[in-house]
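Each chain, letter by letter, is given below.
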Amino acid sequence: MSADKFFKGQVEDQPMFPLGDDDSTRRSTPFVTYALIAINVVVFLLELQNGDEFIRQWSFVPARFAADPAGNLVTIFTAMFMHGSWMHLGGNMLYLWIFGDNVEDNFGHAKYLFFYLLAGIAATFAQYLIMPDANIPNLGASGAIAGVLGAYLLMFPQGRVNVLMRGGVVAVPAIIVLGLWFALQLFSSVGSIADTSGTEGGGVAFMAHVGGFVAGFLMAFLFRSGGGTNPRISA
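Residues numbered from 1 in each chain as written. Predicted model: local features only at pLDDT ≥ 70, side-chain atom pairs only at ≥ 80, totals over all residues. Heavy atoms only, no water.

### Looking at the nonpolar core
The tendency in soluble globular proteins is for nonpolar side chains to be buried side by side. Within the largest apolar cluster, 52 residues are counted, with the highest numbers of intra-cluster contacts made by L96, F99, V103, F107, Y112 and Y116. For this core, the secondary structure elements donating two or more residues are α2 (31-58), α5 (86-107), α6 (109-130), α7 (142-155), β2 (160-165), α8 (174-194) and α9 (206-223). No other element matches α7, which puts 10 residues into this core. What Y116 contacts, discounting residues up to four positions off in sequence, is L36, N40, L96, A141, A144, I145 and V148. (Core = buried A, V, L, I, M, F, W, Y, C linked by side-chain atoms within 4.5 Å. Buried < 20%, exposed > 50% of the residue type's maximum accessible area, 1.4 Å probe, protein only. Helix = DSSP H or I, 4+ residues; strand = E, 2+ residues; numbered from the N terminus. Contact = heavy atoms within 4.5 Å.)

Written as C-alpha cells, this is what we have:
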C-alpha cells in the first residue's frame, strides 16, 4: 500500500520467508495471476517514466478522496497496481506468485479476479478508516495480496510452503507461515495506530494488510468452488 519497505520488512521481520509451495495438485494455468503480475510491472515502469506527478495523480490519497469521493473513485483501483520501489514491487509479486495460483485454481479465473479486486478495496478502506485525513499517497498491491493469503489459509491450511529460515529452506504448513504473517501485521497495525508521529512520512500500511487478509478469509467462504485440495510437501 503506502510503503516502499514491504519486501525488506518481510525478510527482516519474519522468522520465516516464503520461497514457494507445491503446485502439483493445481488443475489449471493461473492466467489471471500472471496477468496481474504483468500489469503491476508495466504500471511500475510507467511510474518510473512519468515521475511523482503521475504517482500522486493515480494513487489513493485519503484526504483527497474524502473531499471528492466520486472524482477520486478510480484511484481505489489504480493504486492497487502501483508500487513505491523495486523492492516493494518484488516482495508483493513474489507473494502473489506463490499463493495466487492455488487460490485462482480453486475459485476459477473470473471469480478470482473479482475476489482480488474486492480484497483490494476492503484493504484500502481499512486503512482509510484510521487515516481519513492523510495526504500520503497510498499505493501497492499488498492489501489485495493479503486477501489472497487469507483465502489460501482457509483453503490450504496444511499445504506445505517452502520457507527460508536461518537454518536453511524447510517445508512448513501454511497455517504457521500465514498465521505468523498475519500476527505480525496485526501487532504492527496496533503500533502504527498508536504512533501518529509518522503519519505524513509514509511507511507500511499495516491496517490495509490486516483488512485485506480478513476480507479474503471471509470472502473465501462465499467464493471458493468447494473443497480444494491441499498441496503436498514439495521436494
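Next comes the rest of the account.
### Section: the pattern of salt bridges
Tallying each qualifying case throughout the model produces 3 salt bridges. In this structure, the salt-bridge partner of D105 is R27, at a minimum N-O distance of 3.2 Å. On the criterion of sequence distance, the pair formed by D105 in helix α5 and R27 in the loop between β1 (17-21) and α2 is long-range, its members being 78 residues apart. Given a relative accessible area of 13%, D105 falls into the buried group. Here R27 falls in the exposed class, since its relative accessible area comes to 62%. Three or more residues are tied together by salt bridges with common partners; here these are D23, R26 and D101. (Salt bridge = Lys/Arg side-chain N within 4 Å of Asp/Glu carboxyl O.)

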